[in-house]
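# Working through the structure, step by step
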Amino acid sequence: AEKKLDLEDLEQKLKADYIRHGRKSWKTVTHCLKPVKAYFGYDRLLAITASRIEAYQDSRLTKGKARATVNREITYLLHGFRLLLKAHEISYVPQVKLLEGENVREGFTNRPEFEDLVSNMKGSDVTKDIVRFLYCSAWRLGEGKNLEWNKVDLHDWVIRLPRKNSKNKRPRTLVLVDELREIIQRR
């Protein structure tokens, strides 16, 4: 049975794992696997060796893709291999090193730069308040966009973000003080 497995089987195993664990990023996985599937075509998993994956990495870099992008694509591929190995559906996982020298995000916008950015923004005061809220809370965009008023406790001045709205699946509490409190009062 191992000889018949291909990338479609690997993708189905990944999808089942994402559904089982309630992960929200399946869309990202399919996006990252798209070039992998295009490169390897209908090859069987046994034919996808470490040296072929390294050739894939080289090919993507030659096309101008960022190292972080290539690493993410390979990470999902190898995760699928590991899931199949754990299920005893395949007998090996290619041993491939991820690329070094990723362009890791560094630095932050300081307050004067942020204020300059907001003052030059086009859009309504509502949009500016959303940007300010995200900056002051350090929340992700999706967390801010999905915030509902029933999560805002105006008695204790806190927001309780449930685990289903948090990327790391941990509930969080945000205390509303200073500018955050002013934004909520305005809105």
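Within every chain, residues take consecutive numbers counted from 1 along the sequence as written. At least 70 in pLDDT is required for a residue's local features to be given in this predicted model, at least 80 for side-chain atom pairs to be given and counted, and no such filter applies to totals for whole chains, interfaces and linings, which use all residues. In computing side-chain values, all of the structure's heavy atoms are included and hydrogens and water are not.

Take the overall build of the protein next. Only DSSP runs of H or I covering at least 4 residues are called helices, and only runs of E covering at least 2 are called strands; the numbering of each starts at the N terminus. For the protein, the count of helices and strands is eight helices and three strands. Of the regular secondary structure in the protein, the N- to C-terminal order runs α-α-α-α-α-α-α-β-β-β-α. Over its C-alpha trace the protein gives a radius of gyration of 22 Å, far above what one expects of a compact globule, namely 16 Å for 187 residues. Exposure is judged per residue with a 1.4 Å probe applied to protein chains only, and the accessible area is read against the type maximum: over 50% gives exposed, under 20% gives buried, and values in between give partly exposed. Buried residues in the protein amount to 34% of all 187 residues. If you take every contact in the protein between residues at least 6 apart in sequence, the share linking residues at least 24 apart comes to 56%. For the radius of gyration, the atom set is restricted to C-alpha positions; the globular benchmark scales as 2.2 Å times the number of residues to the power 0.38. Throughout, a contact is declared for two residues whenever any of their heavy atoms are within 4.5 Å.

Turning next to the confidence of the model for the protein. Per-residue confidence from the predictor is reported as pLDDT, a score between 0 and 100. A residue-level look at the protein finds 95% of positions with pLDDT of 70 or above and a mean pLDDT of 90. For the protein, per-element mean pLDDT is lowest for helix α7 (residues 141-145), which scores 82, and highest for helix α3 (residues 50-62), which scores 97.

Attention shifts here to the layout of surface pockets. Note on definitions: the grid is 1 Å and covers protein atoms alone; a cavity is a set of points where a 1.4 Å probe fits but cannot get out; a pocket is an open set with protein on both sides within 12 Å along at least five of seven lines; lining residues have an atom within 4 Å of a point. Grid points are joined across faces, edges and corners, and a volume is the space filled by probe spheres set on the points. Looking at the second largest pocket, its volume works out to about 290 Å³. Lining the second largest pocket are 14 residues; nearest its centre among them are Ile130, Gly144, Leu147, Ile184 and Arg187. Elements represented by at least two residues in the lining of the second largest pocket include exactly α6 (125-137), α7 and α8 (178-186). Here the lining of the second largest pocket gets five residues from one element, more than from any other, and that element is α6. In this classification, Asp, Glu, Lys and Arg are treated as charged, Ala, Val, Leu, Ile, Met, Phe, Trp, Tyr, Cys and Pro as nonpolar, and every other residue, Gly included, as polar. Of the residues belonging to the lining of the second largest pocket, the class tally is nine nonpolar, one polar and four charged.

A few words on the pattern of salt bridges. One side-chain nitrogen of Lys or Arg within 4 Å of one carboxyl oxygen of Asp or Glu is enough to make a salt bridge. This model, assessed by the stated rule, comprises 17 salt bridges. Between arginine 187 and aspartate 129 there is a salt bridge, with its nearest N and O atoms 2.8 Å apart. Highlighted residues: arginine 187 in the segment after α8 and aspartate 129 in helix α6, separated in sequence by 58 residues. Looking at arginine 187, the relative accessible area reads 42%, which means it is partly exposed.

On to the sheet that holds strand β1 (residues 152-153), then. DSSP bridges decide pairing: two strands pair if at least two such bridges lie between them. What the three strands build is an open sheet, ordered β1-β2-β3; its pairing is antiparallel. On the outer flanks of this sheet lie β1 and β3 (172-175), each paired with one strand and no other. Pairing of β1 with strand β2 (residues 158-161), which is carried by two bridges, proceeds in the antiparallel orientation. Paired with aspartate 153 across the strands is valine 158, a residue of β2.

The side chains of a regular strand alternate, residue by residue, between the two faces of the sheet. As consecutive antiparallel partners, β1 and β2 are separated by four residues, and within that stretch tryptophan 157 has a phi angle of approximately 55°, a positive value. Pairing geometry for β2 and β3, over four bridges, is antiparallel. If you follow leucine 161 over to β3, its bridge partner there is arginine 172.

Here histidine 88, not a glycine, exhibits a phi torsion of approximately 60°, which is positive. Mapped onto the elements, histidine 88 comes out in the loop between α4 (67-86) and α5 (111-119). Positive phi, close to 60°, is recorded for alanine 138, a residue that is not glycine. Within the secondary structure, alanine 138 sits in the loop between α6 and α7.

Time to look at helix α1 (residues 7-20). Across its 14 residues, α1 extends 20 Å between first and last C-alpha, which sits within 8% of the 20 Å expected from 1.5 Å per residue. Taken as a whole, α1 has its buried residues at Leu7, Leu10, Glu11, Leu14, Asp17 and Tyr18. Down the axis of α1, the buried set is contained in an arc of 125°. They therefore lie on one face. Of the exposed residues in α1, those oriented more than 90 degrees away from the buried face are Ile19 and Arg20. Contact partners of the buried residues in α1: α2 (26-40) and α4. Capping of α1 at its N-terminal end is provided by aspartate 6; its side-chain oxygen lies 3.0 Å from the backbone amide nitrogen of glutamate 8. Downstream of α1 by a residue or two, glycine 22 has a phi angle that is positive, lying close to 65°. The length a helix should cover is 1.5 Å for every residue beyond the first. This arc is built from the directions going out from the helix axis to the C-beta atoms. A 3.5 Å cut-off defines polar contacts: any pair of N or O atoms within that distance qualifies, except that in protein one atom must be a possible hydrogen donor and the other a possible acceptor, and neighbouring residues in sequence count only when both atoms are side-chain atoms.

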